[in-house]
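# Breakdown of the fold
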Amino acid sequence: MSSLYIAEPAASFVVSRLTAAFGRRNIMVLGSSTFLAGSAISGGAENIAMLILGRILLGFGVGFANELTLCGPSIVCKIPRYLL
């Protein structure tokens, strides 16, 4: 079982409470930066521990993005809610 697929649902449970506390835009930035950090760590991994850590961060980034996918266009483009 991949660490990415374990971390993804864990992030999905956490993201709803974080979104209520900090707002959707901040959580989108946090999820994107978590995914970027995970990609960088995975790409530059020198041992298996770094690779697993990178995959866990990738999983958290994907989990955050999955929960906020429908909110993304309205956050970025200021699309009215009734058009979504």
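Our structure is the block above this text.
Heads up: these notes are all about the structure in this document. On a predicted model such as this, the values are computed, not experimentally measured, just so you know. (Residues numbered from 1 in each chain as written. Predicted model: local features only at pLDDT ≥ 70, side-chain atom pairs only at ≥ 80, totals over all residues. Heavy atoms only, no water.)

### Considerations on the overall build of the protein chain
Heads up, the rule is: Runs of E in the DSSP output that reach at least two residues are strands. Runs of H or I that reach at least four are helices, and both are numbered from the N terminus. Working rule for contacts: check all heavy atoms of both residues, and any pair within 4.5 Å makes them a contact. Only the protein chains shown count as cover for residues, and the accessible areas themselves come from Shrake-Rupley with a 1.4 Å probe.
For the protein chain, the count of helices and strands is 4 helices and 0 strands. Partitioning the intrachain contacts of the protein chain with sequence separation of at least 6 by distance along the chain shows that 65% fall at a separation of at least 24. A total accessible area of about 5,500 Å² is found for the protein chain, and carbon and sulfur atoms account for 68% of it.

### Some remarks on the side chain of Glu8
Using the following cut-off: To sort residues, take the accessible area from a 1.4 Å probe on protein chains only and compare it with the maximum for the residue type: under 20% means buried, over 50% means exposed, and anything in between is partly exposed. All tallies of charge rest on Lys and Arg as positive and Asp and Glu as negative; His and the ends of each chain are not included. The salt bridge criterion pairs a side-chain nitrogen of Lys or Arg with a carboxyl oxygen of Asp or Glu, the two atoms within 4 Å.
Checked against the element boundaries, Glu8 lands in helix H1 (residues 3-22). Buried and without a salt bridge, Glu8 has Arg55 as its closest oppositely charged side chain, separated by 9.1 Å. If we ignore the near neighbours within four places in the chain, the residues touching Glu8 are Gly59, Val62, Gly63 and Asn66.

### Some points on H1
Put simply, the test is: Between the first and last residue of a helix there are one fewer steps than residues, each counted as 1.5 Å, and that sum is the expected span. To obtain the bend at a residue, axes are fitted to the seven residues ending there and to the seven starting there, and the angle between these axes is taken.
Compared with an ideal rise of 1.5 Å per residue, which puts 20 residues at 28 Å, H1 spans 27 Å between its outermost C-alpha atoms and is within 8% of the ideal. A maximum bend of about 30 degrees is found in H1 at Val14. For H1, every residue scored as buried is listed here: Ser3, Leu4, Ala7, Glu8, Ala11, Ser12, Val15 and Thr19. In the stretch just after H1, Gly23 is the one whose phi turns positive, near 95 degrees.

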